[in-house]
Amino acid sequence: MPDIEIRKVTAHIGAEVSGIDIAAPLDETTVAALREALDIHKALVFDAVGLDDEGQQAFARHFGEITTAHPTVPAVDGAPNVLPVDSERGRAANHWHTDVTFVLNPPQASTLRSITVPPYGGETLIADAAAAYRDLPQPLRALADTLWAEHTNDYDYAVPEEQVDEEQAAQRAQFTSIKYRTAHPVVRVHPLTGERGLFIGGFAQRIVGLSVGESRKILDLLQAYVTRPENVLRWRWSPGQLVLFDNRITQHYAIDNYDGLPRRLHRVTVAGDVPVGIEGKESYSITGDASHYTPVAA
């Protein structure tokens, strides 16, 4: 195994990994060490200079079968498993979310690779949802343990419809061209570590059994614990970097603070399992079949 060095970036989340060439095939011992590091730190940053789309996919496959790019959004030309995260395609990621939670089995892990970065701004925030759960006062924790939330890709946008231009409207229509709605436990048990984390974010729109208004108040209250500054890694991109984060127990947010300058990342995600709550009950689909997008991980 190479001499891997793992350096924490913050107390709760994030580590930089050096001493490894992720463009090369990795042996089982190295992959196991990276998986353990991911379980501990939730987000890992690598030097990826020279890595291309094929290399990013090969790296992601060390952690499981990969998904196609997205259930509804087009992939990179010629690379059906690679999603372009591009400033020219709008800024759909500038809200707190966990990737694709509106399907039954969201990705277990996501990789983001920087291709073009602006001279300032454009950071990605990644939040530790397990630390957020631990931060909850006991009465709130007891409440959260009992709740389920409906997640949908037909979510409430921050920008009112009357402020949306034709291009943005077309992007919204593409994103919701197949409508999904799935019920997930608000507190998810991580299948490898047993940690409990708040599994909510921007696609969670309603608490099962409550009105939209009641749901919003509770979701906003819980979400405030996820996004506490102490629980957040703020990553300033350089060209040729790759960030791997555990999509089962984090949220992230792409900051729109770069004046519309070019910014392009490529995303490859690893197929995930069906989430499970603290009582062992699995998530269930209400609307939408995502089998064209992702297999279900064992």
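Rules and cut-offs
Residues numbered from 1 in each chain as written. Predicted model: local features only at pLDDT ≥ 70, side-chain atom pairs only at ≥ 80, totals over all residues. Heavy atoms only, no water. Helix = DSSP H or I, 4+ residues; strand = E, 2+ residues; numbered from the N terminus. Contact = heavy atoms within 4.5 Å. Buried < 20%, exposed > 50% of the residue type's maximum accessible area, 1.4 Å probe, protein only. Pairing = 2+ DSSP bridges. Core = buried A, V, L, I, M, F, W, Y, C linked by side-chain atoms within 4.5 Å. Axes fitted to C-alpha atoms, helices over the stretch in contact; angles between N-to-C directions. Salt bridge = Lys/Arg side-chain N within 4 Å of Asp/Glu carboxyl O. Polar contact = N/O pair within 3.5 Å; in protein donor to acceptor, adjacent residues only side chain to side chain. Phe/Tyr/Trp six-rings, centres within 6.5 Å; stacked < 30°, edge-to-face > 60°. Lys NZ or Arg CZ within 6 Å of the ring centre and 35° of its normal.

Visitor: Break down the environment of Y133 for me, with residues and values.
Guide: By secondary structure assignment, the location of Y133 is in helix α3 (residues 129-135). Spatially, the C-alpha atoms of Y133 and T193 are 15 Å apart, while their sequence positions differ by 60 residues. Dropping the residues within four chain positions of it, Y133 is found in contact with R141, D145, V187, R196, G197 and L198.

Visitor: Account for the pairing of strand β14 (residues 250-254), with residues named and values stated.
Guide: Most of β14 sits out of view: 4 of its 5 residues are buried. Bridge count for strand β6 (residues 124-128) against β14 is 5 bridges, and the pairing is antiparallel. Bridging across to β14, A127 finds its partner in Q251.

Visitor: Break down the nonpolar core for me, with residues and values.
Guide: Of all hydrophobic cores here, the largest spans 26 residues; its most connected members are L34, F46, F59 and L244. Broken down by secondary-structure element, the contributors of at least two residues to this core are β2 (15-18), α1 (28-41), β3 (43-47), α2 (53-61), β13 (241-246) and β15 (264-270). No other element matches the 4 residues that α1 contributes to this core. Ignoring any residue separated from it by four or fewer positions in sequence, one finds L244 in contact with L38, K42, A43, L44, F46, F59, F63, A109, S110 and T111. Membership of the second largest hydrophobic core comes to 23 residues, among which are A127, Y133, V187 and V232.

Visitor: Tell me what's going on with the sheet that holds β14, and back it up with residues and numbers.
Guide: Read from one edge to the other, the open sheet built from 3 strands follows the order β12-β6-β14, with strand pairing classed as antiparallel. The open sheet has two edge strands with one neighbour each: β12 (232-235) and β14. For this sheet, the mean angle separating the axes of adjacent strands, direction not counted, is 20 degrees.

Visitor: Any details on the pattern of salt bridges? Residues and values, ideally.
Guide: Inspection of the entire model under this criterion finds 15 salt bridges. Between D246 and R248 there is a salt bridge, and its shortest N-O distance comes to 3.6 Å. We note that D246, like R248, is buried. If you follow the salt bridges from partner to partner, you end up with R188, D246, R248 and D273 in one network.

Visitor: Outline the pairing of strand β7 (residues 148-152), supporting the account with residue identities and numerical values.
Guide: Among the 5 residues in β7, 5 count as buried, and that is most of the element. Along β7, one buried face is formed by W148, E150 and T152 and the opposite face, lined by A149 and H151, is buried too. Note that β7 and strand β8 (residues 181-185) share 5 bridges and pair antiparallel. In the strand pairing of β8, E150 is matched with A183. The pairing of β7 with strand β11 (residues 204-207) spans 3 bridges and is classified as antiparallel. Bridge pairing in β11 links A149 to I207.

Visitor: Lay out the sheet that holds β7 with the relevant residues and their values.
Guide: In space, the 4 strands of this open sheet follow the order β11-β7-β8-β16, with antiparallel pairing throughout. Lying at the two open borders of the sheet, with one neighbouring strand each, are β11 and β16 (284-287). Strand-to-strand twist in this sheet, taken as the mean axis angle between neighbours without regard to direction, amounts to 30 degrees.

Visitor: Now, about the side chain of R188: what can you tell me, with residues and values included?
Guide: Structurally, R188 is set in strand β9 (residues 187-189). The class for R188 is buried, based on a relative accessible area of 2%. A distance of 3.3 Å separates polar atoms of two side chains, one belonging to R188 and the other to D273. Among residues more than four places away in sequence, those in contact with R188 are E195, R196, G197, F199, R248, D273, V274, P275 and V276.

Visitor: With reference to specific residues and values, describe the side chain of T294.
Guide: If you trace the backbone, T294 turns up in the segment after β16. A relative accessible area of 5% means that T294 is categorised as buried. Here the side chain of T294 touches N105 through a polar contact of 3.5 Å, side chain to side chain. Setting aside its immediate chain neighbours within four residues, T294 contacts T67, N105, A271 and G272.

Visitor: An account of the packing of aromatic side chains is requested, with residue identities and associated values reported.
Guide: The geometry of two aromatic rings is summed up by the distance between their centres and the angle between their planes. Within this structure, the stated rule accounts for 8 aromatic pairs. Ring geometry for F175 and F203: centres 6.2 Å apart, planes at 20 degrees, overall stacked. With F175 in helix α5 (residues 166-175) and F203 in the loop between β10 (196-198) and β11, the pair connects residues that are 28 residues apart, well separated along the chain. With a relative accessible area of 12%, F175 lands in the buried category. Above the face of the Y133 ring, R141 is positioned so that its terminal group lies 5.7 Å from the ring centre. Above the ring of F199, the side-chain terminus of R188 is found at 4.9 Å from the ring centroid.

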